[in-house]
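What follows is the residue order along each chain.
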Amino acid sequence: MENKEPKTVRLSTVVLLFIILILIIALVLMYMHYNKDTKNEVLTNTNTNQKETTNEVEPEESNKKELSTNSSIVKEIYDYIPAIDEDLYDENPITLPNAYQTKKVTYDDLNSKLLLANAFFKSNKDMSSDIYMNDIESEKVTDFALKYYNEEIEPVSFTMGSISLIYENGMYGFANGGYTGVYASHIRNIEEAYEENDELYIIDTYLMNISKFGDIQVDDKSVTFEIYDSSERKKTVAEEDIEDADKIEDKNEYISEKYSEKSKKYKHTFKKNDDGEYYWYSSEPLDE
């Protein structure tokens, strides 16, 4: 019986198998690492896309608060806007142009006499006749301007139509003028009011009408309306001659209804003073 010799494995074979095993393990580890990074990238991209989608869908919070155009605060501060109806005694009265211009207007752009006149007469709409009999301390006039515009205005004499306030020695006295056949009126209608970012805004429409009346001494009842969409009177948007002005009960209402499409929109900004009360800051035309 023949003796069988035990089989031997070459060292080179063992080394080769070991190398192959190492390579297989390395490949498995590389695959697992690559697959993990790919999953993470997909997950990251998915989360980013979800965030972007969420940002696109969710609108930013707005603090805009709509106000009724008939609310007491809107009615009150609407008077702060510098614009007063008056008799015109010359072609360039001190109270024109007012806040309604073809550019943005602030306190610095307007005549201080207009600002004083607007603040005083708007604050004293229901003046009794006896007020004209007494002098007024200047502070009682300038304090109205401070409330309206948050600015201290030096007291000076000023006029609104036929009524003048003459400043002298710390007091205002009244003086009355005569009749004139030219009258400026401002046809304004509030369309929108809202609060936003601690400011209040009013959007309105505006027309200015210059009424030129006939000679009353010869019983001429005619009137000519010259209508503008800014107080600078750079461009007439309408003109009308009427033989008998007495037939029109409310001239502003008549013009508002007939020429509303000629009106221009304006935006008025009101800011808060240190006491948290609104004052007029600016007015500007809106492009349509």
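Our subject in this report is the structure included herewith. (Residues numbered from 1 in each chain as written. Predicted model: local features only at pLDDT ≥ 70, side-chain atom pairs only at ≥ 80, totals over all residues. Heavy atoms only, no water.)

## Quick notes on the nonpolar core
We count it as follows: What makes a nonpolar core is a set of buried Ala, Val, Leu, Ile, Met, Phe, Trp, Tyr and Cys residues whose side-chain atoms join them at distances within 4.5 Å. Relative accessibility under 20% of the residue-type maximum defines a buried residue, over 50% an exposed one, and the middle range a partly exposed one, all with a 1.4 Å probe and only protein chains included. Helix and strand assignments follow DSSP, with helices taken as H or I runs no shorter than four residues and strands as E runs no shorter than two, numbered in order from the N terminus. Throughout, a residue-residue contact means that at least one pair of heavy atoms, one from each residue, lies within 4.5 Å.
Counting residues in each nonpolar core, the largest one holds 46 residues, and the members touching the most others are Tyr149, Phe158, Leu165, Phe270 and Trp280. At seven residues, helix H3 (residues 112–123) tops the list of elements feeding residues into this core. Beyond its immediate stretch of four places on either side in the chain, tyrosine 149 contacts Tyr80, Pro82, Tyr107, Leu115, Asn118, Ala119, Tyr279 and Trp280. Residues Ile187, Val223, Phe225 and Ile242 belong to the second largest nonpolar core, which totals 12 residues.

## Some details on the pattern of salt bridges
For clarity, the cut-off: Whenever Lys or Arg places a side-chain nitrogen within 4 Å of a carboxyl oxygen from Asp or Glu, that contact is recorded as a salt bridge.
Taken as a whole and assessed by the stated rule, the structure comprises 11 salt bridges. Glutamate 232 is the salt-bridge partner of lysine 234, the closest N and O atoms lying 3.7 Å from each other. Accessibility expressed as a relative area gives 62% for lysine 234, which makes it exposed. Through salt bridges with shared partners, one network takes in Lys64, Glu66 and Glu192.

## Quick look at the layout of surface pockets
In plain terms, the rule: Every definition here rests on a 1 Å grid over the protein atoms only: cavities are sets of points where a 1.4 Å probe fits but cannot get out, pockets are open sets enclosed by protein on both sides within 12 Å along at least five of seven lines, and lining residues have some atom within 4 Å of a point. Grid points are joined across faces, edges and corners, and a volume is the space filled by probe spheres set on the points. Only Asp, Glu, Lys and Arg are considered charged in this grouping, and only Ala, Val, Leu, Ile, Met, Phe, Trp, Tyr, Cys and Pro are considered nonpolar; every other residue, Gly among them, is considered polar.
Here the largest pocket defines a volume of roughly 260 Å³. Of all the secondary-structure elements, those providing two or more residues to the lining of the largest pocket are H3 and strand S8 (182–196). Per element, the largest residue contribution to the lining of the largest pocket is three residues, and it comes from S8. Considered class by class, the residues forming the lining of the largest pocket number six nonpolar, two polar and four charged.

## A word on the packing of aromatic side chains
The geometry of an aromatic ring pair comes down to the distance between the two centres and the angle between the two planes. Operational definition: Any two of the Phe, Tyr and Trp rings considered here, Trp counted by its six-membered ring, make a pair once their centres fall within 6.5 Å; the pair's planes then place it as stacked at under 30 degrees, edge-to-face at over 60, or tilted in between. Note on criteria: charge over ring means Lys NZ or Arg CZ within 6 Å of the ring centre, with the direction from the centre no more than 35 degrees off the ring normal.
Counting across every chain of the model gives 14 aromatic pairs. Taking 6.3 Å as the distance between ring centres and 90° as the angle between the ring planes, the aromatic pair formed by phenylalanine 121 and phenylalanine 158 counts as edge-to-face. Taken together, the residues span a long stretch of sequence, with phenylalanine 121 in helix H3 and phenylalanine 158 in strand S5 (residues 158–160) at a distance of 37 residues. Here the two residues phenylalanine 121 and phenylalanine 158 agree in accessibility, since each one is buried. Each ring, one from phenylalanine 225 and one from tyrosine 254, has its centre 6.3 Å from the other, and the planes form 50°; the classification is tilted. With phenylalanine 225 in strand S10 (residues 223–228) and tyrosine 254 in helix H5 (residues 251–258), the pair connects residues that are 29 residues apart, well separated along the chain. A residue is classified by how much of its surface remains accessible, and tyrosine 254, at 24% relative accessible area, is partly exposed. Lying over the aromatic face of tyrosine 194, lysine 64 brings its terminal NZ or CZ to 4.3 Å of the ring centre. Cation over ring: lysine 271 sits above tyrosine 281, and NZ or CZ is 4.7 Å from the ring centre.

## Observations concerning helix H4 (residues 138–149)
At 3.6 residues per turn, the α-helix brings residues three or four places apart onto the same side. Just so we agree on the cut-off: In this scheme, a helix's expected span is set at 1.5 Å multiplied by one less than its residue total. An arc is given here, and it is the one of the directions from the helix axis to the C-beta atoms.
Its 12 residues give H4 an end-to-end C-alpha distance of 17 Å, which sits within 8% of 16 Å, the value for a rise of 1.5 Å per residue. Every buried residue of H4 is listed here: Ser138, Val141, Thr142, Ala145, Tyr148 and Tyr149. The buried side chains of H4 occupy one side of the element, clustering within an arc of 115° when seen end-on. The elements touched by buried residues of H4 are H3, strand S4 (136–137), S5, strand S6 (163–168), strand S7 (171–176) and strand S13 (278–285).

## Things to note about the pairing of strand S12 (residues 264–272)
The line we're drawing: At least two DSSP bridges between two strands are needed for those strands to be called paired.
Here seven bridges tie strand S9 (residues 199–213) to S12, and the two strands are oriented antiparallel to one another. Its bridge partner lying in S12, isoleucine 203 is registered against lysine 267. Here S12 runs beside S13; their pairing, made up of seven bridges, is antiparallel. Bridge pairing in S13 places lysine 272 opposite tyrosine 278. As consecutive antiparallel partners, S12 and S13 are separated by five residues, and within that stretch glycine 276 has a phi angle of approximately 80°, a positive value.

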